[in-house]
Amino acid sequence: NINKPSSSSSSSSTQIRYIDAGANLLDSMYQGTYHSKPRHEPDLDIVLRRAYDKGVHTVISLAGTIKESEELIELIHDLDDNSDSRQEEEEGGEEEKEKVVNAVQVFGTVGVHPTRCAEVFADAVFEEKSATGDDDDDDSAASPSSYIPKTEQQQNEIIQQLIDLALQNNNNDNNNNN
C-alpha cells in the first residue's frame, strides 16, 4: 500500500515519510489532563515516538495566540534539548544510537488562529449580573456578551510582537545550527 510505511524495509530511507501539518502539541491531554482532571502521566514523548515509528518524521504544531506561540517555542526547545541530551547520554551500540537520533522533527507556528482573533485583537465586554441574583453562573465561567476591537495601534503592536517572537526564535535556531 503506497500510503503505509513499509514494515519489511530495514532502512527508513525507503519508507514513506509523513508530515503532520496541524498538530496541537500544547493540548493538555499530552500532559495527562482531560477536562481539567489528571488522568495519566505526561506522554508526549511516547506519542511522538509512536508517530515516528509509523512514518511521521515531521510535525508542525499550531499556536493560536501570543501566549501559545511562546509556550510552543518553549516546548520545541525542550524537545530539542531532551533529544540532544538523550543522544549525548547514549552509550549503546550503533543500533541503539540510531534509535535515539531518530525522532520526530517538530516545528511550530507563531501567530493568531482566525478563531481566536477576538481573544487577541479585541477586549471582551461582559454583561453585569441581574440585580435579582437569578444568574447562578460562576464569574470565572462567564462568556463575553460582545467584543470591542482594540485600536489600530494596539493591533499593530500585537502583530509586531508576533513578528519579533518569530524572528528572535528563527535567529536562535540559525545560531544553534552553526
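Please read these numbers as outputs of a predicted model, since none were measured by experiment.

About the criteria used
Here the residue index of a chain counts from 1 through its sequence in written order. Predicted model: local features are reported for residues with pLDDT of at least 70 only, side-chain atom pairs are reported and counted for 80 or more only, and whole-chain, interface and lining totals are derived from all residues. Based on all heavy atoms of the structure, the side-chain values leave hydrogens and waters out of the count. Put simply, a nonpolar core is a bunch of buried Ala, Val, Leu, Ile, Met, Phe, Trp, Tyr and Cys residues held in one set by side-chain atoms that sit within 4.5 Å of each other. Buried residues are those whose accessible area, probed at 1.4 Å on protein chains only, stays under 20% of the maximum for their type, while exposed residues exceed 50% and partly exposed ones sit between those limits. A helix here means a DSSP run of H or I that spans at least four residues, while a strand means a run of E at least two residues long, and both kinds are numbered starting from the N terminus. The contact criterion used throughout is that any non-hydrogen atoms of two residues lie within 4.5 Å. Salt-bridge detection follows one rule: a side-chain nitrogen of Lys or Arg within 4 Å of a carboxyl oxygen of Asp or Glu.

Q: What is the right way to look at the nonpolar core in this model?
A: Side chains of a nonpolar character, in soluble globular proteins, are inclined to be buried together. Core analysis: the biggest nonpolar cluster contains 17 residues, and Leu25, Leu44, Leu48, Val59, Val104 and Val106 have the highest contact counts within it. Listing elements by their share of this core, those giving two or more residues are helix H1 (44–53), strand E4 (56–61) and helix H2 (66–89). The element contributing the most residues to this core is H1, with five residues. Setting aside its immediate chain neighbours within four residues, Val104 contacts Leu48, Ala51, Tyr52, Val56, His57, Thr58 and Val59. Judged by nonpolar contacts, the second largest core, of five residues, contains Ile66, Val120, Phe121 and Leu162.

Q: Got a minute to help me understand the environment of Leu62 in this structure?
A: Relative to the helices and strands, Leu62 is located in the loop between E4 and H2. Here the alpha-carbon distance between Leu62 and Leu25, two residues 37 residues apart in the chain, equals 7.7 Å. Excluding its chain neighbours within four sequence positions, the residues that come into contact with Leu62 are Ala21, Gly22, Ala23, Asn24, Leu72 and Thr109.

Q: Whenever I open this one, the pattern of salt bridges confuses me. Can you help?
A: Pairing is possible between side chains that carry opposite charge, provided their charged atoms lie close to one another. If you walk through the whole model with that rule in mind, you get five salt bridges. With its nearest N and O atoms 3.8 Å apart, the salt bridge here joins Asp53 to Arg49. With Asp53 and Arg49 both in helix H1, this residue pair falls four residues apart, about one helical turn. Look at Arg49 and you get partly exposed, because its relative accessible area is 30%. Each member of the salt-bridge network shares a partner with another, and the members are Glu68, Arg116 and Glu119.

So, to be careful, I would describe these as geometric facts and stop short of saying anything about function.
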